[in-house]
Every structure is written in structure tokens, then in C-alpha cells.
Amino acid sequence: MRKIIITLDGYSSCGKSTLARQLARELNYVFIDSGAMYRAITLYFLRAHIDCADTEKVIKALSEIALSFEYNPVTGQSDMYLNDENVESLIREMVVSEHVSEVAALKEVREFGVTQQQLMGKKKGIVMDGRDIGTTVFPDAELKIFVTADPAVRVERRFKELFEKNPSITIEEVKRNLEMRDYMDSNREFSPLRQAPDAVILDNSNLTREEQLQVALAWAKERINA
Ligand code: CDP
């Protein structure tokens, strides 16, 4: 059967990764969470105290970073590795969320991320989610989905997720972070978050996981059999 590229873009915490993972599992495709890559780069920058305004230091730091995804048999999902360290859990912490949009806006960081993401899609059979996947990374993808959800629903979902790991987190903190990232991701100079003109919109505010999967799967099958 013909393999295609599926891209999912959208605002923070709109369920892109969940849907991308579901789709990849159903189609036996590779799933790549591009946000995890920017989060891992941000973790490295925080640890090494890299000043985003210092281009030379940014370039040097990027030359020291190797990113990879490795299958975790316990969770059945892929974990993000930064220079051979499993950082899957660390990169979801609020301190990373607070800095990731600044780091991800840098031209050098975008080039670093996009080049690796394009290589991963060379053989097709991939589902990738992020902000610029259908516009910059795979402008020729066969299926582009722009995922949306009501802002209040997004805040609630992310709050629940984070609260399980850290009960001291507040809903206001989560809301502020999502608003800040959405603003920065949409207004940056390089690869801003945009809906590709040929993307289909999926609003999952009132859909269950199973329902959103069925909608997206039908679109994917149409493209695969085209
Ligand atoms: O899961 P959530 O929607 O909160 O975010 P994420 O997908 O983990 O992405 C974290 C951050 O990485 C975003 O807020 C963007 O600043 C950046 N990002 C990006 O610039 N380009 C992408 N393709 C994916 C993420």
C-alpha cells in the first residue's frame, strides 16, 4: 500500500500528539513529536546557561546536541533522548515550557530541527505533529491536519496532565504558559504557527479520542487510496 506523510499542526495542548500517536499506531507508521525535539534542545540550553541572544554560543551548543527517539517497551511509546539520556519526563516540566518558545524561535534552532525532521520523513509512512510541519517541514505532505480545541478545554486538559505529576501546579500558571507560547509561536519570524492553505481543520473540543481518530483515519485512508 502507498505510504503518505501526515502532518498535524496547531496551538499548544490541543491534543495533536495524542491524535498523531493514535494514527501512527493504526496505520503502522512512525510517529514523531517534533515539540519534544525543541523541548530537549531547550533543556540543554537551560543546563548550559545558553543566552539565546548569543548566536555563537547557540551554534556551538547545537553542535553538541544529538537527538533521538527510542522505543520504551514499558509505555509502548517512544521516548526523547538527548545525548543518550532519556529526557522524556524532564522535558515536560514547566521550566522547559516556560523557555521553549524563545529557543524554538531562533533561526539556527529551526534549521537544526527542520533538517532532522525532513530526513525522518524521507521514506514517508510518518505522522509528525508540531507547529510548522505542514507549512515548512513537509509542504508537500499528502494529508495536513490543523487541530484546534476551545482554549478553556486545552487549559483543562494540560492542567490535569501536569497536576498528576506535580500537585502544586495551578490552573492559572498553565493558562498563562499556553497563552504565552501560542502568542510567541504564532508571531515569530521563522516558521510561525500557521494553518497551511491545504490543511483540513479538526476541532476536537467535543470529540472523544476514539471519535477524533475515526475522523482523521477516514481522511488518511482517502489519501492513501487516492
Ligand atoms: O504539547 P504542547 O502542544 O504543549 O507543545 P509541544 O508540541 O511539546 O511544543 C513545545 C514548543 O515547541 C511549542 O510551544 C513551540 O514553541 C515549539 N515547537 C515549534 O516551534 N515547532 C514545532 N514544530 C513543534 C514545537
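Residues numbered from 1 in each chain as written. Predicted model: local features only at pLDDT ≥ 70, side-chain atom pairs only at ≥ 80, totals over all residues. Heavy atoms only, no water.

The name an unreviewed UniProt entry assigns to the protein is Cytidylate kinase, from the organism Sediminibacterium sp. KACHI17. Its UniProt record gives the protein the following Subcellular location (unreviewed entry) comment, quoted word for word: "Cytoplasm". The Sequence similarities (unreviewed entry) comment attached to the protein in UniProt states, word for word, "Belongs to the cytidylate kinase family. Type 1 subfamily." (UniProt positions renumbered as here; feature names shortened; annotations may be inferred.)

## Regarding the site of the ligand
In the region of the ligand, 19 residues are neighbours, and R39, R158, R181, D185 and R188 sit closest. Take S101: an N or O atom from its side chain is 3.1 Å from an oxygen atom of the ligand. One of the side-chain N or O atoms of R158 is found 2.8 Å from an oxygen atom in the ligand. Broken down by secondary-structure element, the contributors of at least two residues to the shell around the ligand are α2 (34–47), α4 (94–104) and α8 (171–187). With four residues, the top contributor of residues to the shell around the ligand is α2. Of the residues contributing to the shell around the ligand, the split by class is four nonpolar, six polar and nine charged. (Near = heavy atom within 4 Å. Polar contact = N/O pair within 3.5 Å; in protein donor to acceptor, adjacent residues only side chain to side chain. Helix = DSSP H or I, 4+ residues; strand = E, 2+ residues; numbered from the N terminus. Nonpolar A, V, L, I, M, F, W, Y, C, P; charged D, E, K, R; others polar.)

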